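Here's the letter readout for the chains.
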Amino acid sequence: MRLADQSIPVYTNLTDLYGSLGSSVNHAERWDNLAKEFEKRFGRPPAYITRAPGRINIIGEHIDYALFGVLPAAIEQDILIACAPRQPSDNSQEIHERPGSVVAENLNPKYTRQVFAPSQRAPEGWHLEINTNELRWESYVKAGYYGVLSRYFPPDSNLHPTPVDLLATGSVPSGSGVSSSAAIVVASTLAFLAVNNRRTSGSTDAPLSKGELVKMAMENETRVGVNSGGMDQAASVMSVNSSALYITFFPILNTSPVPLPSGAKFVISNTLVVADKVVTAKFRYNLRVVETLVGARILAHKLGVKLDIMEKVTYREVLGRIVKEQQDCGSDGDMGAGSLIVALKSIMRSLTHLLPKGVDANAEGDEQQMGLTMEEMIEMSGLSQQTFHEVYLSWIDVEATHFQLYKRAKHVFTEALRVLQFRKTSLDATDASPSLSLNPSTSLEKLGNLMNESQKSCRELFECSCPELDMLAKLCREAGAYGSRLTGAGWGGCAVSLVAEDQVEIFIKKIKDEYPPYKGLKEEQLNDVIFATKPGSGACGMCFLRFLRLLS
Ligand code: NG1
């Protein structure tokens, strides 16, 4: 059965969940503490605890929203939400007595108690106030709730969501590129499903599948103001133990485990630069989304690919149409890795169509010269100004004087290629037949090189790195990593490095000593900002646990 069709696992003990990690973290204590604290604050034990892990992205940055395959792995760090339904009361107008009201608390005192209730508004249906100009922890909880309300409580149905108390805790560092946001949205979606006793897909009696949960979590996360791709939600929901996850989004969401060569671990190191993705979305993340979508339209237009006028086509779809891809023709549901590599190499020769008239690709480095003004972009798209605005700008807020379509496209296509090369190298290295399998250290070097090339491309072409990430990745390479690169959206957050297993301790010590922002941190703090994780470890998707069953 495809991973996407499997149902959400429900665990009955923590060994099944974290056992294979060989971790030193006392998870039982974390869960126990959360449950006790819930009982102390709300006067009864939690009915459920939901869990969703963060993830690292090993390679494939900023290409999920172009619908190219990515290669993340879940990490041990996760978000837990303890929750229980609350008895509704008919005789009070207090907010916490309203249908579906939520009292949300967080074990971290920095995140204050929030009380809110959904309301119904015509014509859009359920409404929850989410402030997208500010980063607030409860926005992610509300985002998770939205999907459950809209899918399971249609406005004309007379069904009322259950009031709920919840208590959250998490070990996924926020704003660090390890996807704390997707983890909390997924955990919250599951919590609201659990307390409302909604275990099926909604339209049928079949249990809710992992693929459907990913879709819901993706839609939910856009409510917080970022038009994210889908990698994080898929990694958080569908990862499996001891492997990276190859995720493709076209023609449908598909995932397959990619075992990694033995003899190395991933080390995550945090730059300590917090990238506030929501607040900077206009000129960073969302701008990149628009630059890649408009680039795809222009490329299609120049190469004679027919598009519907209102279609927001992606680079992956354009590529498929150019090579007349038959859908569902390979085991990955697409044209297959071999054909994709050939197609990618070929389309890269056409990217100069994205440069301003009269500029050639060697102008690289000269920002303004390589970028297009809004007027140039509209003209090259073949659309009228009004249609262009409607399709590309009416739904998203962006800010730029020049749009770097060529550089972004070059990153997207080369990065898509690197993902396929990384996957192939890993599969060849772990192939069971000795005649085919590669020497592990040669493979690790190859993988490391691909990671380094990815960092260079993120820095120079996609411009999603920052001086601290560049410095940290360089220090990591000098400290012996096979490869090192930013992970996640970038502009701060974490670097991920591939390090020989027997060198991990020395490596971590070197970085602790040498990365200037770590000076003065206590050992305990250092252990939170730089740590090793096994490929894919802890990746059990997410589960909702019936708490009493868990303890028995
Ligand atoms: P982060 O910011 O690391 O969670 C974001 C997007 C991903 C992907 C990466 C870049 C969200 C929730 N996630 O990841 O979908 O586009 O950037 O590869 O916005």
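That block above? That's the structure.
Here the residue numbering is sequential within each chain, running from 1 through the sequence in written order. With pLDDT at 70 or above as the cut-off, local features in this predicted model cover only qualifying residues; side-chain atom pairs require 80 or more to be listed or tallied, and sums for whole chains, interfaces and linings still use all residues. Side-chain calculation: all heavy atoms of the structure are included, whereas hydrogens and water are not.

*Asks:* Looking at this structure, how should I read the nonpolar core?
*Replies:* Note that soluble globular proteins tend to have their nonpolar side chains buried in a common cluster. Side-chain atoms within 4.5 Å link the members of a nonpolar core, which is a set of buried Ala, Val, Leu, Ile, Met, Phe, Trp, Tyr and Cys residues. Per-residue accessibility, obtained with a 1.4 Å probe over protein chains only, is compared with the maximum for each type, and a residue is labelled buried under 20%, exposed over 50%, and partly exposed between these values. Residues Phe68, Tyr315 and Ile511 are the most contacted members of the largest nonpolar core, which totals 156 residues. The element best represented in this core is helix H4 (residues 180-195), accounting for eleven residues. Pairs of residues are marked as contacts when any of their non-hydrogen atoms sit within 4.5 Å. Discounting chain neighbours no more than four positions away, the residues touching Phe68 are Ile63, Ile247, Phe249, Tyr315, Arg316, Leu319, Leu344, Val412, Phe413 and Ala416. Secondary structure is summarised from DSSP: a helix means a run of H or I of at least four residues, a strand means a run of E of at least two, and numbering begins at the N terminus for each.

*Asks:* Help me understand the sheet that holds strand E11 (residues 483-486) in this model?
*Replies:* Within a sheet, each strand pairs with its neighbour through backbone hydrogen bonds, oriented either parallel or antiparallel. Read across the sheet, four strands follow the order E11-E12-E10-E13 without closing on themselves; strand pairing throughout is antiparallel. Each end of this open sheet is capped by a strand with a single partner; those strands are E11 and strand E13 (530-533). In this sheet, neighbouring strand axes are inclined to one another by 25° on average, regardless of whether the strands run parallel or antiparallel. By this definition, two strands are paired if DSSP reports at least two bridges between them. Bridge count between strand E10 (residues 264-270) and strand E12 (residues 494-500): seven bridges; the pairing is antiparallel. The residue of E12 that forms the bridge with Ile268 is Val496. Fitted lines through C-alpha atoms serve as axes, helices being fitted only where they are in contact, and the angles separating the N-to-C directions of these axes extend from 0 to 180 degrees.

*Asks:* Please clarify how unusual backbone geometry should be interpreted in this entry.
*Replies:* Most peptide bonds take the trans form, and the phi angle of most residues other than glycine is negative. Along the chain, Phe250 connects to Pro251 via a cis peptide bond; the corresponding omega equals 0°. Assignment of secondary structure puts Pro251 in the loop between strand E8 (243-248) and strand E9 (254-259). At Asn158, a position not held by glycine, the phi torsion is positive, near 70°. Looking at the element boundaries, Asn158 is found in the loop between helix H3 (137-152) and strand E7 (164-170). Within the chain, Lys324 stands out as a residue other than glycine whose phi angle is a positive 50°. With respect to the helices, strands and loops of the structure, Lys324 is situated in the loop between helix H8 (315-322) and helix H9 (337-347). When its relative accessible area of 67% is taken as the criterion, Lys324 is described as exposed.

*Asks:* Looking at this structure, I do not really get the packing of aromatic side chains. What am I missing?
*Replies:* A ring pair, where both rings are aromatic, is described by two values, the distance of the centres and the angle of the planes. Between rings of Phe, Tyr and Trp, where Trp is taken as its six-membered ring, a pair exists when centres lie within 6.5 Å; planes separated by under 30 degrees are stacked, by over 60 edge-to-face, and by other angles tilted. Applying the stated criterion across every chain yields a total of nine aromatic pairs. An angle of 45° between the planes, with centres 6.4 Å apart, marks the rings of Tyr111 and Trp137 as tilted. With a gap of 26 residues between them, Tyr111 in the loop between strand E3 (102-106) and strand E4 (114-116) and Trp137 in helix H3 connect regions that are remote in the sequence. Tyr111 gets classed as partly exposed once you look at its relative accessible area, which sits at 24%. Their ring planes at 80° and their centres at 4.8 Å tell us that Tyr515 and Tyr518 sit as a pair that is edge-to-face.

*Asks:* Can you help me understand the pairing of E12 in this one?
*Replies:* Consecutive side chains along a regular strand alternate between the two faces of the sheet. In terms of burial, E12 is largely enclosed, as seven of its seven residues are buried. Here E12 shows no split at all, with Cys494, Val496, Leu498 and Ala500 on one side and Ala495, Ser497 and Val499 on the other all buried. With four bridges joining them, E11 and E12 adopt antiparallel strand pairing. Along E12, the bridge assignment pairs Arg485 with Val496.

*Asks:* Explanation requested: the site of the ligand in the structure shown.
*Replies:* Around the ligand sit 18 residues, and of these Glu61, His62, Asp64, Asp232 and Tyr285 come closest. One of the side-chain nitrogen or oxygen atoms of Glu61 is found 2.6 Å away from an oxygen atom of the ligand. A distance of 2.5 Å is found between an oxygen atom of the ligand and a side-chain nitrogen or oxygen belonging to Asp64. Note on areas: Shrake-Rupley with a 1.4 Å probe; residue coverage comes only from the protein chains shown. Protein chains shield 97% of the accessible area of the ligand, which is 440 Å² for the free molecule. Nonpolar residues are Ala, Val, Leu, Ile, Met, Phe, Trp, Tyr, Cys and Pro. Charged residues are Asp, Glu, Lys and Arg, and all others, Gly as well, are polar. Looking at side-chain class alone, the shell around the ligand contains five nonpolar, seven polar and six charged residues. For each domain, the first and last residues come from an automatic or database assignment. Both domains that furnish three or more residues to the shell around the ligand are identified here as domain 1 (3-257 + 536-546) and domain 2 (267-277 + 459-533). Any residue with a heavy atom positioned within 4 Å of a molecule or strand is treated as near that molecule or strand. Pairs of N or O atoms are called polar contacts if they sit within 3.5 Å, as long as, within protein, a hydrogen donor faces a hydrogen acceptor (for residues adjacent in sequence, only side-chain-to-side-chain pairs).

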